[in-house]
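An overview of the molecular structure
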Amino acid sequence: MIRVLIVDDHPVVRDGLRAAFAAVGDIEVAGEAGDGAEAVRLARELVVDVVLMDLRMPEMDGVRAIQRLRELAPEIRVLVLTTFDTDADVLPAIEAGATGYLLKDAPTEELLRAVRASHRGETVLAPTVAGLLVGRVRKPVKSTLSPREMQVLRLVAGGATNKEAAARLFISEASIKTHLLHVYAKLDVRDRASAVAEAYKRGLLG
């Protein structure tokens, strides 16, 4: 039996979630909480397995509650269930230690599967959240390319040869080749055309 704690500051949401679990044989609602502080206390007192955590609540928000639970009871899995899927909501929750992140418009069956998966320690993400995280993983590449490497990349994308790029930047052709090799390695490509294509794909070139 998977013991679940429902955490949301809206009673109607808690009632709906409790009803969704009522007909399921392997999931039991151990309790409910209306804010993060109460969630941290009840999760430990009731010895729950999975916490369904809303993010925006009074007293203590969901992210802070996730952080406290990770410190005090790391064995408890936290599955975020909220209406918000922006960077400002998703990233802090994942970094705080959430096992998964679902949106409140998810079908009941998807929610049930997510609770079971979270209990097993598996990561569960709503499609929009997964897409956002993939984008965030790729974005740091922009900052790893040095300003000079970006200059060379832009010139190459504009059709400049190594000789032309060297003349534009007042450096040697050998330096251009070296910068390009660094760009290839950072973008995980093998040639100029692939570098330009990958740079556009990752949003490095407008």
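Here the structure is shown first, and the text comes after it.
Residues numbered from 1 in each chain as written. Predicted model: local features only at pLDDT ≥ 70, side-chain atom pairs only at ≥ 80, totals over all residues. Heavy atoms only, no water.

**Description of the pairing of strand E1 (residues 2-7)**
The criterion, for reference: Categorising residues by exposure relies on relative accessible area from a 1.4 Å probe, with only protein chains included: less than 20% of the type maximum marks a residue as buried, more than 50% marks it as exposed, and the intermediate range marks it as partly exposed. Per the convention used, a helix needs a DSSP run of H or I reaching at least four residues, while a strand needs a run of E reaching at least two, with both numbered from the N terminus. We call a crossover right-handed when, viewed with both strands directed away from the observer, the connection leading from the first strand over the helix to the second proceeds clockwise. What makes two strands pair is DSSP finding at least two bridges between them.
Counting buried positions along E1 gives five out of six residues, so the element sits mostly inside the fold. Taking the sense of rotation as the criterion, the β-α-β connection linking E1, helix H1 (residues 11-22) and strand E2 (residues 27-33) turns out right-handed. As paired elements, E1 and strand E3 (residues 50-53) share four bridges and run parallel to each other. Counted as the bridge partner of Val7 is Met53 from E3.

**Examining the sheet that holds E1**
For clarity, the threshold we go by: In what follows, residue pairs with any heavy atoms lying within 4.5 Å of each other are defined as contacts. For helices, the fitted axis covers only the stretch in contact; all axes are lines through C-alpha atoms, and the angles between them, taken along N-to-C directions, range from 0 to 180 degrees.
Taken together, the six strands give an open sheet; going across it, the order is E2-E1-E3-E4-E5-E6, and neighbouring strands pair in parallel fashion. Of all the strands in the sheet, just E2 and strand E6 (124-125) have a single pairing partner and so form its edges. Sheet analysis places strand E4 (residues 77-82) next to strand E5 (residues 100-103), joined by four bridges and oriented parallel. Paired with Leu79 across the strands is Gly100, a residue of E5. Packed on one face of the sheet, H1 meets E1, E2, E3 and E4 and runs near 170° to E2. The strands that helix H3 (residues 62-72) touches are E3 and E4; relative to E3, the one it contacts most, it runs at about 165°.

**With respect to the pattern of salt bridges**
Heads up, the condition is: Salt bridges are defined by distance alone: a side-chain nitrogen of Lys or Arg within 4 Å of a carboxyl oxygen of Asp or Glu.
Under the defined criterion, the tally for this structure stands at twelve salt bridges. Linking Arg116 and Asp26 is a salt bridge whose minimum nitrogen-to-oxygen distance equals 2.7 Å. Of this pair, Arg116 sits in helix H5 (residues 108-119) while Asp26 sits in the loop between H1 and E2, and the two are 90 residues apart along the sequence. Taking the shortest distance from any N to any O, the salt bridge between Asp54 and Lys104 comes out at 3.6 Å. Placement of Asp54 in the loop between E3 and H3 and of Lys104 in the loop between E5 and H5 is noted, with a sequence separation of 50 residues between them. Owing to a relative accessible area of 29%, Lys104 belongs among the partly exposed residues under this scheme. Several salt bridges converge on common partners, so that one network encompasses Asp8, Asp54 and Lys104.

**Structural notes on the environment of Asp15**
Assignment of secondary structure puts Asp15 in helix H1. Judged by relative accessible area, which is 47%, Asp15 ranks as partly exposed. Considering only alpha carbons, one finds Asp15 and Tyr200, 185 residues apart in sequence, at a separation of 47 Å.

Honestly, it's all geometry; don't read function into it.
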